[in-house]
Amino acid sequence: MEMKKVMVIGAGQMGAGIAQVFAMAGYEVKLQDLQEAFLQRGMKTIEKNLNRQVEKGKLSGEERDQTLSRLHPTVEVEAVKDVDLVVEAIVENMDVKTKLFAKLDELAPEHTILASNTSSLPITEIAAATKRPEQVIGMHFMNPVPVMKLVEIIRGLATSEEVYQVIYETTKVLNKVPVEVNDFPGFVSNRILMPMINEAIYTLYEGVATKEAIDDVMKLGMNHPMGPLTLADFIGLDTCLYIMETLHEGFGDDKYRPCPLLRKYVKAGWLGKKTGRGFYVYE
């Protein structure tokens with residue numbers, strides 16, 4: 001099965017990044033979102049990223065222009081009718097995702113693979129909303145997508161070997177490193193990362209140390225590129241909370257219980273960098 005045309009659904013930070021790497025690898029890419037304003041914001045993000053690479057000498061002006069020419073923004077989900085692969089990168093909510101996948105299943109050609117960039121939700125459950133569960137798979141990209149090499153490839157219960165191999169090879173074409181992961185809550189990345197972030201929030205909540213001290217210990221003592229509280233702000237505290245809730249529900253283990261301080265910040269609308277305030281204040 002040859003991949004030529006790709007549709008990325010969701011033009012936010014993750015979706016725009018995914019669309020960019022596919023376009024840079026030579027694929028024709030439709031970038032879909034519900035509103036024109038979201039699409040324009042996503043396209044501006046991509047253009048800014050590409051211009052930065054040109055300035056650094058990592059990309060030529062011609063390569064940038066060719067990449068942009070392969071990107072086709074649209075508000076029509078019906079544009080899926082002639083693509084080979086869909087990568088969904090919308091809100092991390094099972095109900096919203098299953099409704100979308102059921103619609104995609106009706107509209108997309110029979111051969112089309114439906115992939116989800118979910119960071120924690122079960123691929124098997126998403127696939128069950130379609131009549132092609134063997135063609136549904138997880139492609140969990142890391143943020144920021146153009147920079148980070150890893151892609152977790154998650155098979156659902158019914159995902160076929162052929163579909164897995166196609167996605168595995170496609171990921172390598174994107175100059176990414178595919179890693180096979182089984183379909184458990186949080187997969188590998190967030191099953192390990194989010195409890196660490198949650199424990200850092202508990203450490204702050206219990207008054208063990210200041211937020212700066214907690215971040216410095218992990219940066220200087222454990223050689224992490226950024227502290228866990230800074231990272232939580234970068235990811236989005238609402239996303240962190242949702243993933244912790246998914247882990248807590250999925251495993252039924254209290255070690256995944258979200259910290260009350262995390263819940264409080266999310267209720268206050270302090271979601272991190274995207275809202276200007278989380279554990280830190282951003283201009």
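Bear in mind that the values here come from a model prediction, so they are computed numbers and not experimental data.

Caption draft 1: Seen up close, helix 11 (residues 260-268). Among all positions in helix 11, only Leu261, Leu262, Tyr265 and Val266 are buried. The buried residues of helix 11 occupy an angular sector of 135° when the element is viewed end-on, so they sit on one face. Of the exposed residues in helix 11, those oriented more than 90 degrees away from the buried face are Lys264 and Lys267. Against helix 7 (189-205) and helix 10 (237-251) lie the buried residues of helix 11. Looking one or two residues beyond helix 11, the residue adopting positive phi is Gly269, at roughly 80°.

Caption draft 2: Structural view of the UniProt feature "domain: 3-hydroxyacyl-CoA dehydrogenase NAD binding" (unreviewed entry) in the protein. As recorded in UniProt, the feature "domain: 3-hydroxyacyl-CoA dehydrogenase NAD binding" (unreviewed entry) lies at residues 5-183. The annotated region residues 5-183 carries 41% helix and 22% strand content, and the separation between its end C-alpha atoms amounts to 27 Å.

Caption draft 3: Main features of the packing of helix 7 against helix 10. Running from amino to carboxyl end, helix 7 crosses helix 10 at an angle of 115°, the nearest separation of the two axes being 10 Å. Considering their axes alone, helix 7 and helix 10 lie roughly perpendicular with respect to each other. The handedness of the crossing between helix 7 and helix 10 is left-handed. Of the residues in helix 10, those touching helix 7 at Asn190, Arg191, Met194, Pro195 and Asn198 are Cys240, Ile243, Met244, Leu247 and Phe251. Along the lines of polarity and charge, the residues of the contact of helix 7 with helix 10 split into seven nonpolar, two polar and one charged.

Caption draft 4: The side chain of Asn198, seen in detail. Along the chain, Asn198 falls in helix 7. Its relative accessible area of 2% is what places Asn198 among the buried residues. There is a polar contact of 2.9 Å between the side chain of Asn198 and the backbone oxygen of Arg257. Here Cys259 takes part through its backbone nitrogen, which lies 2.9 Å from a polar atom of the side chain of Asn198.

Caption draft 5: Molecular detail of the side chain of Gln20. When you line up the elements, Gln20 lands in helix 1 (residues 13-24). Of the residues examined, Gln20 reaches a relative accessible area of 0% and is grouped as buried. Look past the residues within four positions of Gln20 in its chain and what remains in contact with it is Ile46, Asn49, Leu50, Gln53, Thr67 and Pro146.

So, how was this worked out
Residues numbered from 1 in each chain as written. Predicted model: local features only at pLDDT ≥ 70, side-chain atom pairs only at ≥ 80, totals over all residues. Heavy atoms only, no water. Buried < 20%, exposed > 50% of the residue type's maximum accessible area, 1.4 Å probe, protein only. Helix = DSSP H or I, 4+ residues; strand = E, 2+ residues; numbered from the N terminus. Arc of directions from axis to C-beta. Contact = heavy atoms within 4.5 Å. UniProt positions renumbered as here; feature names shortened; annotations may be inferred. Axes fitted to C-alpha atoms, helices over the stretch in contact; angles between N-to-C directions. Parallel < 35°, antiparallel > 145°, perpendicular 65-115°, else oblique. Left-handed = near helix turned anticlockwise from the far one by under 90°. Nonpolar A, V, L, I, M, F, W, Y, C, P; charged D, E, K, R; others polar. Polar contact = N/O pair within 3.5 Å; in protein donor to acceptor, adjacent residues only side chain to side chain.

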